[in-house]
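Residues per chain, in single letters:
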Amino acid sequence: MPDEHVSILQSLGVAVLAFAAVVWTLGLVGLMRRGRSGAGSLRLAFRTLWYTGRTPRRSLPHQRHFPPHLEYVELTPAERTAFAGLVRQLSEGR
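Everything in this summary refers to the structure shown in the same document. On a predicted model such as this, the values are computed, not experimentally measured, just so you know.

1. A short note on the overall build of the protein
Within the protein one finds three helices and zero strands. Going residue by residue from the N terminus, the α and β elements of the protein occur as α-α-α. Out of the 94 residues in the protein, the part that is buried amounts to 1%. By element, 65% of the accessible surface of the protein is carried by carbon and sulfur atoms, the whole surface being about 9600 Å².

Right under this line is the structure:
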């Protein structure tokens, strides 16, 4: 028997990976079919994604085109001194 040297854990690992691949593939096919409304819409979705760079899915949230507001706190002179001391202490090892 050629499989005498294969342990049970290795065989189980291959079976689990194969099962995960099948489940992933079925999930992907289900997602692709859910977005379809006609026969050629899957091809149209890929074409839209390829040429515009945008996803045709309506369930994805809109992305912001601007960065979030920056927040900062003014430090007191004592806090600045303490921070400078901490920076000096941490940079001594370099």
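2. Focus: a nonpolar patch on the surface
The grouping of F83, L86, V87 and L90 at the surface amounts to a nonpolar patch, some 410 Å² of accessible area in total. Structurally, the position occupied by L86 is in helix α3 (residues 77-91).

3. Remarks on α3
Over its 15 residues, α3 runs 21 Å from end to end, which matches the ideal 21 Å to within 8%, given 1.5 Å per residue. For α3, the tally of buried residues reaches only zero of 15 residues, placing the bulk of the element at the surface.

About the thresholds
Residues numbered from 1 in each chain as written. Predicted model: local features only at pLDDT ≥ 70, side-chain atom pairs only at ≥ 80, totals over all residues. Heavy atoms only, no water. Helix = DSSP H or I, 4+ residues; strand = E, 2+ residues; numbered from the N terminus. Buried < 20%, exposed > 50% of the residue type's maximum accessible area, 1.4 Å probe, protein only. Areas by Shrake-Rupley, 256 points an atom, 1.4 Å probe, with all protein chains shown as cover. Patch = residues over 30% accessible without salt bridge, like charges linked within 9 Å, V, L, I, M, F, W, Y side chains within 5 Å. Salt bridge = Lys/Arg side-chain N within 4 Å of Asp/Glu carboxyl O. Expected span 1.5 Å × (residues − 1).

Honestly, that's just the spatial picture; any functional story needs more than this.
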